[in-house]
Amino acid sequence: MTAISAEPTRAMANAIRALSMDAVQKANSGHPGLPMGAADLATVLFTQFLKFDAADPHWPDRDRFILSAGHGSMLLYSLLYLLGYQDMTLEQLKSFRQLGSKTAGHPEFGHATGIETTTGPLGQGIANSVGFAIAERHLNARFGDDLVNHKTYVLAGDGCLMEGISQEAVTLAGHLKLKNLIVLWDDNGISIDGKLSMSDSTDQLARFAAANWNVTRVDGHNAEAVAGALAAAQTAGRPSLIACRTIIGFGAPTKQGTAATHGSPLGAEEIAGARKALGWDYPPFVVPDELLKAWRAAGRRGAAARADWQKRLAASGHKAEFARLVANRLPENFDAIIDAYKRELAKNPPWIATRNASQNALDVINPAVPETIGGSADLTGSNNTKSKDLKSLTAADYSGRYVYYGIREHGMAAAMNGMALHGGVIPYGGTFLVFTDYCRPSLRLSALMGQRVIYVMTHDSIGLGEDGPTHQPVEQLAALRVIPNLNVFRPCDAVETAECWQLALKDTGRPSILALTRQKLKPARLTYSAKNLCALGAYEIAPSAKKSKAVIFASGSEVEIALAAKQALDKQGIPTRVVSVPSMELFHRQGKAYRERLLGAEKIRIAVEAGVRTGWDRFIGLDGKFIGMTGFGASAPAEKLYEHFGITPKAVVKAARS
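Residues numbered from 1 in each chain as written. Predicted model: local features only at pLDDT ≥ 70, side-chain atom pairs only at ≥ 80, totals over all residues. Heavy atoms only, no water.

Colleague: Help me out: how do you make sense of the sheet that holds strand β6 (residues 214-219) in this one?
Modeller: To summarise the sheet geometry, strands pair through backbone hydrogen bonds and adopt either a parallel or an antiparallel arrangement. Spatially, five strands are ordered β1-β2-β3-β7-β6 in an open sheet, and the strand pairing comes out parallel. Of all the strands in the sheet, the pair left with one neighbour each is β1 (64-67) and β6. Averaged over all pairs of adjacent strands, the angle between their axes in this sheet comes to 20°, without regard to strand direction. Pairing of strand β3 (residues 181-187) with strand β7 (residues 240-245), which is carried by six bridges, proceeds in the parallel orientation. Among the inter-strand pairings, Asp186 is bridged to a residue of β7, identified as Cys244. Where helix α5 (residues 124-143) meets the sheet, its contacts fall on β1, β2 (152-156) and β3, and the angle it forms with β2 comes to roughly 175°. (Pairing = 2+ DSSP bridges. Helix = DSSP H or I, 4+ residues; strand = E, 2+ residues; numbered from the N terminus. Axes fitted to C-alpha atoms, helices over the stretch in contact; angles between N-to-C directions. Contact = heavy atoms within 4.5 Å.)

Below you can see the structure in the form of structure tokens.
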């Protein structure tokens with residue numbers, strides 16, 4: 001067992017260890033090993049390097065700390081209490097993992113100040129950090145060192161580096177030379193199953209070095225060595241990995257260095273032994289005044305730097321614009337710009353794919369909303385995400401507003417979460433809709449954290465054609481619609497696409513998906529409407545001239561099919577109305593009276609979508625007819641596939657007459 005030192009840093013670190021093991025024991029649940037093992041390196045970081053002020057946790061130019069190894073959440077909660085964050089009280093530590101507490105099992109963004117992102121799913125934190133670092137470098141290029149110049153620190157565990165998303169994140173960060181990104185790896189060689197050597201033998205330093213990172217290894221229990229490595233990282237010209245060799249559960253007399261400390265309380269006997277080994281002669285949850293004063297002083301260490309920054313902001317010509325970005329406010333003329341664009345569309349309705357309609361909308365939006373940062377996972381020409389005015393964000397020029405993410409769908413989604421969490425930018429990125437499966441964990445976290453991240457997902461059905469069933473989404477729309485707090489938009493033409501972009505950009509509390517077609521669509525909205533009809537989620541796009549006997553609900557490319565079927569049914573003496581459903585989520589948020597009025601009481605009820613039926617029964621009932629997919633697609637031209645799978649006006653008419 002490593003000898004216990006009485007030096008001030010070790011004594012302060014022991015406060016983290018004691019609070020962590022006490023909270024886990026009281027909850028009878030949690031992970032004491034990481035907080036006890038990483039306490040020394042965390043103490044060095046927070047008392048000597050991290051730029052922050054506990055009295056102003058939202059200071060825009062603070063350094064960010066991300067606990068990627070979120071299972072070690074008591075490390076972060078202990079730090080926040082010790083440093084004097086007002087909302088992290090001792091009572092919160094005592095309520096660890098209890099209903100309604102700020103101290104959830106894993107750190108959750110929004111529960112308490114000082115929690116920069118939600119972590120727990122391993123690898124997400126380190127991937128988020130790349131987005132934080134991109135946003136910082138971009139805003140630095142825009143506003144200069146006086147307003148934006150801070151670092152992003154990450155504490156990652158073995159599991160974070162084993163997850164595949166870490167490779168996407170690490171290589172992107174190295175490629176972009178994000179020098180203000182510093183990762184501390186808690187290199188303890190233990191996972192839940194036991195010794196890491198049972199499952200992994202990767203030379204992580206060689207791996208990071210190959211990805212253009214600055215790498216070094218230190219004893220994570222040697223404060224001077226950790227401080228030296230952090231000092232060197234301050235001036236590195238690329239991201240830094242500091243491998244900190246630690247002992248998991250440091251101080252536990254019989255369990256340290258073993259998986260027994262990873263995910264279970266230590267037990268009363270082991271805690272008593274740890275108190276003795278650490279020289280911690282205090283009752284549970286008690287921190288002596290001298291140590292608490294030292295920690296609170298560390299929490300105030302950045303007050304002078306913050307005051308200086310506020311003076312620079314007050315004197316800056318960028319003050320108003322910077323404040324607008326920090327407040328998440330769109331430019332005042334944004335709605336007027338969208339309205340003018342809709343007027344132009346009404347004059348000459350285009351017959352185009354909605355992916356092209358999206359690019360046309362971005363050609364209007366991006367010059368007017370300078371905080372957008374677009375990108376694509378190696379599908380720029382297919383997703384149509386790069387508007388005419390955007391230049392690339394590169395290691396040589398961070399002022400660009402377009403990121404070439406490469407084939408890193410999951411890493412892109414996580415980075416966009418980090419960018420949104422950092423603030424000052426609005427990220428959007430594209431890939432094919434079927435590859436939301438590659439983005440799903442990050443996308444779910446976008447929704448869980450309520451972040452304005454916009455996913456431009458094209459090639460949204462069998463309408464993509466010859467690429468076949470591997471690329472044709474069938475179940476994806478339904479799967480996405482069941483994720484809470486996520487807007488799923490599927491517009492039917494250029495006007496709806498513009499309206500969906502407007503809604504996605506104005507919703508600061510949710511992520512949005514724009515599901516867009518590869519194939520060209522006939523325009524459906526032919527007259528100007530000042531109202532954003534897509535905001536209703538569903539609306540009558542083609543009313544019946546007589547009392548309707550049939551109603552057809554459709555989204556996206558199938559609205560065109562529904563309108564053609566209506567024409568035929570009207571001629572056959574079955575008056576029909578068509579309801580466009582660009583967003584089920586927004587429709588279900590409308591008032592009961594509107595929903596009942598729109599749904600109507602027609603006996604003939606049909607839904608049309610080139611996906612599975614799931615979700616449509618709320619519109620048509622169990623007895624309603626659904627025209628769509630019941631299995632996977634096939635490889636053929638789009639028009640042949642629609643005919644083959646029976647998603648045609650003729651099929652809708654037959655269903656209505658039956």
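Colleague: I'm lost on the state of the cysteines in this one. Help?
Modeller: Disulfide: a covalent bond connecting the sulfur atoms of a pair of cysteines. All chains considered together, the criterion is met by zero disulfides. Just so you know, Cys492 is unpaired, no disulfide at all, and the nearest cysteine sulfur is the one on Cys534, 7.2 Å from it. (Disulfide = S-S within 2.5 Å.)

Colleague: For this particular structure, what's the right way to read the pattern of salt bridges?
Modeller: Opposite charge on two side chains makes pairing possible when the charged atoms of those side chains draw close. One pass over the structure, following the stated rule, counts 33 salt bridges. Note that Arg275 is salt-bridged to Asp22, the shortest N-O span being 2.8 Å. Of this pair, Arg275 sits in helix α10 (residues 268-278) while Asp22 sits in helix α1 (residues 8-27), and the two are 253 residues apart along the sequence. With respect to burial, Arg275 and Asp22 carry one shared label: buried. If you follow the salt bridges from partner to partner, you end up with Asp460, Arg481, Arg490, Glu558 and Glu609 in one network. (Salt bridge = Lys/Arg side-chain N within 4 Å of Asp/Glu carboxyl O. Buried < 20%, exposed > 50% of the residue type's maximum accessible area, 1.4 Å probe, protein only.)

Colleague: Would you mind showing me how to read the side chain of Thr47 here?
Modeller: In this structure, Thr47 sits in helix α2 (residues 33-49). Accessibility expressed as a relative area gives 16% for Thr47, which makes it buried. Side-chain polar atoms of Thr47 contact the backbone oxygen of Thr43, separated by 2.6 Å. Other than its neighbours up to four places away in sequence, Thr47 contacts Met12, Trp295, Ala298 and Arg301. (Polar contact = N/O pair within 3.5 Å; in protein donor to acceptor, adjacent residues only side chain to side chain.)

Colleague: I tried to follow the environment of Thr458 on my own but got confused; where do I start?
Modeller: Tracing the backbone through its elements, the reader meets Thr458 in strand β11 (residues 454-458). Overall, the relative accessible area of 0% leaves Thr458 in the buried class. C-alpha of Thr458 to C-alpha of Ile552: the two residues are 94 residues apart in sequence and 24 Å apart in space. Once you skip the residues sitting within four places of it in the chain, Thr458 turns out to touch Arg355, Ser382, Asn383, Thr431, Phe432, Leu433 and Leu516. Among the polar contacts made by the side chain of Thr458, one reaches the side chain of Asn383 at a distance of 2.9 Å.

Colleague: I tried to follow unusual backbone geometry on my own but got confused; where do I start?
Modeller: The phi torsion of most residues other than glycine is negative, and most of the peptide bonds are trans. Backbone geometry at Lys177 places phi at a positive 50°, although glycine is not the residue there. Residue Lys177 is classed as partly exposed on the basis of its relative accessible area of 42%. Phi at Asp378 takes a positive value of approximately 65°, unusual for a residue other than glycine. Within the secondary structure, Asp378 sits in the loop between β8 (372-376) and α16 (380-383).

Colleague: Is there a simple way to think about helix α26 (residues 649-657) in this case?
Modeller: Residues spaced three or four apart along an α-helix face the same direction, because each turn holds 3.6 residues. Along α26, the residues that are buried comprise Ala651, Val652, Val653, Ala655 and Ala656. Where the residues of α26 are buried, they touch β15 (550-554), α21 (558-571), β17 (604-608) and β18 (625-627).

Colleague: Could you clarify how one ought to interpret the packing of α1 against α10 in this entry?
Modeller: Packed helices, taken two at a time, are described by the angle between their axes plus the distance between the axes. Contact geometry for α1 and α10: axes closest at 11 Å, N-to-C directions at 170°. In terms of orientation, α1 lies roughly antiparallel with respect to α10. Where α1 approaches α10, its residues Asn14, Arg17, Met21, Asp22 and Gln25 are matched on the opposing element by Ala268, Ile271, Ala274, Arg275 and Leu278. The residue makeup of the contact of α1 with α10, split by class, is five nonpolar, two polar and three charged. (Parallel < 35°, antiparallel > 145°, perpendicular 65-115°, else oblique. Nonpolar A, V, L, I, M, F, W, Y, C, P; charged D, E, K, R; others polar.)

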